[in-house]
Each structure stands twice: as C-alpha cells, then as structure tokens.
Amino acid sequence: MAKPTDAAWMARALRLARRGLYTTHPNPRVGCVLVKNRRLIGEGWHVRAGEPHAEIHALRMAGETARRATAYVTLEPCSHHGRTGPCAVALIEAGIQRVVVAVQDPNPEVAGRGIAMLREAGVEVEVGLLEEEARKLNVGFISRMTRQRPFVRLKMAMSLDGRTAMQSGESQWITGPHARENVQRLRASASAVMTGVDSIIFDNSRLTVRASQLGLDDAEAIAARQPLRVVVDTQLRLPQAAACLREPGRTLVATVPGHEPQRRTRLEAVGAEVVVLRAGDDGRVDLSALMRYLAEQELVNEVLLETGATLAGAMLDAGLVDEMQLFVAPTLLGGEARPLFALPGLTRMAQQRPLEILDIRAVGRDWRITARPERR
Ligand code: AOF
Ligand code: ZN
C-alpha cells in the first residue's frame, strides 16, 4: 500500500517533469524525486533528448546519501542503452531501496523490463501512482509508441456563431491576445504544427513559436526549437513566397504522386522538404499514411492541427482528431462566413458527431472549450 506522503512526492516529480514540456521532444517528459527519512535529497527532470534522464540528475544531486532512499519517477526507469545508460542500473548501483513509478514506459525497448530489472535486484517497486496525470503529460509519446501515430490536437478560433473566417478567407484576428498566447504555448509543446495549403494561401501564417508571445521565463530557449511545420498540399500549390518558408525550422510539404515535378523543384529551391505519400480514394494525401509517416520518420509525438474547415473535417472523418481546443470569441461573423468543419454527406441527425466536453474556461475575453470526439 502507498504511504500517505507518496502521492505528494509523486506530484512533485510530475511538476518537475512538466518543466520539460517544451523541450524533450521526441523523448517523453520525466521527473524524479529522491526521498530519505521523509526528506528530499535529490530531484531532476529530463530536459532534452541526448542529455541525462531525470533519474541521473536526481542521483547526482543526492550523491552518497542515495543509499536506501526511495525514488519517485513519473515514467518507468529505462532498461536500454540509448543515448544514455539504463536508469534502472543506475538506481540499483546507487543502492535505492524502493522505486515508485507512475506509469510503465510504452517504449517497446523498455516496456516493463526496467521494473523487472529493479525487482530482480531486490528493489521494492510500486507502479501506478498518479498514473492518469503521468499519461496525460506524455499522451503524444504514448500514442506514437502504442498506435504508431501522433496524438492530434486540433486548435480552432471561431466566433460565437461558429465561424472561423469571412467568406474571403480573412480571419485575423477573431480571438484576443490571451487566446493567441495560449496557442503559442500549444505550438511550443507540439512536435509538429500541421495545416492545409489553403490556410497558408489565405493567412500566410508562419506557424512558428514566437518568444515575445510565449509569456514564459525561458521563452527564448523554447522558441529555439521550432516545431516541424507540415503543409498538406496535394497539388503543390504552396507559394514560393510563403512566409513560413523564410522562418527558422523545417517545413515539410506532404503531397501525392502525379504532382508537377517543376513545382517540387521550385519549392525545394526555397528550402521546403517535399514528401510523396499514398493518395486516398479522393485523390488527396492519405491522412492516416501521413500520421504514420510523422510518427515513424519524424518521431512526432504531438501534432497541433491549425487549419481550415476542409482539412479539419477530413481529419475528423478519418478518426484522426484526438482532442479539440476551440477558442470562442464574443463576436458574430454572419451567415456568409466559413464554418468550423466541412463534413459533406452529413445530412441526417443520426449522422451528427457528438463531442465530449472535457473543460471550458475563460481565456482573456474569449472562451476555450476542450473537447474530444465521442468514440462510436
Ligand atoms: C527514463 N528517464 O528521464 C526518460 C526516459 O535516447 P535516450 O537514451 O534518451 O532514451 C530515450 C528513451 O528513454 C525514451 O524513448 C523513453 O523510453 C525513455 N525515456 N527514461 O528512465 C527519463 N526521458
Ligand atoms: Zn533512463
């Protein structure tokens, strides 16, 4: 049985793990706390892939006092030789007596082996404390490891009458500065930001993380890792002059076979990376194939989808939207304006797409609704 203070120490480890929210990609966010005689003797979190894991930082801080201590770790200690040695071995060698783990590592290279190694060495191990919170922090990593596709979060800004842009496509700005700062954080925590080529043509959005808009202490460092930009562009219509192509970071343009080769050459000349994927039945980029590509080739954990009604509708129809963040502005855009989703073929009430609301809160003068499609 967990002792009363275990949850409090694990909560601290989770808070530490969250400090890696914007930087650990493609690795998971992990925190570790070492406790002896009810006192904190070491703590740490994973900052960046290639750098030491959370446990190693905590063990370094504790030094010799780590012997017979308890370790609280938000993710199962690793058992593999990756860019760093196995944390399970480091904990055993340091003489840790008990390890409390929030969630098992879904990475098939670990997947329970870290826990088994600890137990074989006589370390007492408990698994599952604050598991739900720990999973939430790494939904993307878990999705990539278990479903071979990223976790997709769709962000949209709309008026109270459900419109996202005027008929002309003009949409800047529907929501206020607080909501836009919120979106900056969503971008910063994502591995990739994805959009359709029409959104770029209308808005010429840069899809970047701007340090000045992040509102965080280490904003500069966070903005240094720009999320991968992904443009879905079946006919390679992306303009050479698109603003996103002049920004730091990479722009991946996903297309299908049969596009005009000169267009590809022109885009590559201005730094775009073109990837040719299978076409779906409608002749457009097969979105499931794109998700698999992003997970397997680009190690994308979380995708932030910022796009218009067509691609948003297609992603929803393909069952590829895991969560929606809808920013609702206190304004009306009127009847000719563009709706949130294009869902052609939806004509009867029986076909409606029910959502489960997870959270609603005020963000400046706007409202943010977090929802997910109800699984049918
Ligand atoms: C831990 N503690 O803090 C993290 C873990 O490439 P590497 O060597 O950094 O290994 C990355 C893998 O290690 C990652 O896929 C995940 O399975 C695990 N991450 N494990 O014990 C940590 N970040
Ligand atoms: Zn490790």
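- The chain is annotated in an unreviewed UniProt entry as Riboflavin biosynthesis protein RibD of Billgrantia zhangzhouensis.
- Taken verbatim from the UniProt record of the chain, the Function (unreviewed entry) comment is "Converts 2,5-diamino-6-(ribosylamino)-4(3h)-pyrimidinone 5'-phosphate into 5-amino-6-(ribosylamino)-2,4(1h,3h)-pyrimidinedione 5'-phosphate."

**Side note on the overall build of the chain**
Okay, step 1: Along its length, the chain carries 13 helices and 16 strands.
Okay, step 2: Here the chain has a C-alpha radius of gyration of 23 Å; the compact-globule value for 376 residues is 21 Å, and the two agree.
Okay, step 3: Each of the three principal axes of the chain carries a C-alpha extent, and together these read 70 × 45 × 45 Å.
Okay, step 4: Expressed as a percentage of the 376 residues in the chain, the buried residues total 45%.
Okay, step 5: Considering only intrachain contacts with a sequence separation of at least 6, the fraction spanning at least 24 residues in the chain is 68%.

**Observations regarding the sheet that holds strand E1 (residues 31-36)**
Okay, step 1: Pairing is mixed across the open sheet formed by five strands, whose spatial order is E2-E1-E3-E4-E5. The strands lining the two open edges of the sheet, one partner per strand, are strand E2 (39-45) and strand E5 (124-127). Strand-to-strand twist across the sheet, computed as the mean angle between neighbouring axes with direction ignored, equals 15°.
Okay, step 2: Pairing geometry for strand E3 (residues 70-73) and strand E4 (residues 98-101), over four bridges, is parallel. By the bridge assignment for E4, Tyr72 is matched with Val100.
Okay, step 3: The strands that helix H1 (residues 6-18) touches are E1, E2, E3 and E4; relative to E1, the one it contacts most, it runs at about 145°.
Okay, step 4: Sheet contacts for helix H2 (residues 54-62): E1, E2 and E3; angle to E2, the most-contacted strand, approximately 140°.

**Description of the site of ligand 1**
Okay, step 1: Close to ligand 1 lie 18 residues, the nearest being Val30, His46, His53, Gly82 and Asn107.
Okay, step 2: In terms of residue class, the shell around ligand 1 is made up of nine nonpolar, six polar and three charged.

**Quick notes on the nonpolar core**
Okay, step 1: In this structure, Ala192, Leu238, Leu294, Val303, Ala312 and Met315 are the most contacted members of the largest nonpolar core, which totals 53 residues.
Okay, step 2: Excluding residues that lie within four positions of it along the chain, Leu294 makes contacts with Pro150, Ala192, Val230, Val300 and Val303.
Okay, step 3: The next biggest cluster of nonpolar side chains, apart from the first, holds 42 residues, and it includes Met10, Leu59, Ala62 and Ile115.

**What to know about the sheet that holds strand E6 (residues 151-159)**
Okay, step 1: Strand order in the open sheet made by the nine strands is E11-E10-E9-E8-E12-E6-E13-E16-E15, with mixed pairing throughout. The outermost strands of the open sheet, each flanked by one partner alone, are strand E11 (273-276) and strand E15 (355-363). Between one strand axis and the next, the sheet turns through 25° on average, direction left out of account.
Okay, step 2: Here strand E8 (residues 192-196) pairs with strand E12 (residues 302-306) via three bridges, running parallel. Note that in E12 the partner of Val193 across the bridge is Leu304.
Okay, step 3: The sheet strands contacting helix H7 (residues 177-189) are E6, E8, E12, strand E13 (323-329), E15 and strand E16 (366-373), and the helix crosses E6 at an angle near 165°.

**Quick word on helix H4 (residues 113-120)**
Okay, step 1: Turning to H4, its buried residues number three or more, namely Arg113, Gly114, Ile115, Met117 and Leu118.
Okay, step 2: Buried residues belonging to H4 abut helix H3 (87-93), E4 and E5.

**Comments concerning unusual backbone geometry**
Okay, step 1: Here His25 and Pro26 are connected by a cis peptide whose omega angle stands at 0°.
Okay, step 2: Positive phi values are uncommon outside glycine, yet Ala111 reaches one of about 35°.
Okay, step 3: Mapped onto the fold, Ala111 is located in the loop between E4 and H4.
Okay, step 4: According to the C-beta neighbour criterion, Ala111 is partly exposed, with 16 such atoms within 10 Å.
Okay, step 5: Of note, Leu207 is a non-glycine position whose phi angle comes to about 60°, a positive value.
Okay, step 6: Within the secondary structure, Leu207 is located in the loop between helix H8 (197-203) and helix H9 (211-214).

**Notes on the environment of Glu273**
Okay, step 1: Along the polypeptide, Glu273 turns up in strand E11.
Okay, step 2: With 21 residues separating them in the primary sequence, Glu273 and Leu252 have C-alpha atoms 4.8 Å apart.
Okay, step 3: Excluding its chain neighbours within four sequence positions, the residues that come into contact with Glu273 are Arg250, Thr251, Leu252 and Val253.

What counts, and at which threshold
- Residues numbered from 1 in each chain as written.
- Chains lettered and ligands numbered in written order.
- Predicted model: local features only at pLDDT ≥ 70, side-chain atom pairs only at ≥ 80, totals over all residues.
- UniProt positions renumbered as here; feature names shortened; annotations may be inferred.
- Helix = DSSP H or I, 4+ residues; strand = E, 2+ residues; numbered from the N terminus.
- Rg over C-alpha atoms; globule rule 2.2 N^0.38 Å.
- Buried ≥ 20, exposed ≤ 12 C-beta atoms within 10 Å, placed from the backbone.
- Contact = placed C-beta atoms within 7 Å.
- Pairing = 2+ DSSP bridges.
- Axes fitted to C-alpha atoms, helices over the stretch in contact; angles between N-to-C directions.
- Near = placed C-beta within 6 Å.
- Nonpolar A, V, L, I, M, F, W, Y, C, P; charged D, E, K, R; others polar.
- Core = buried A, V, L, I, M, F, W, Y, C linked by C-beta atoms within 7 Å.

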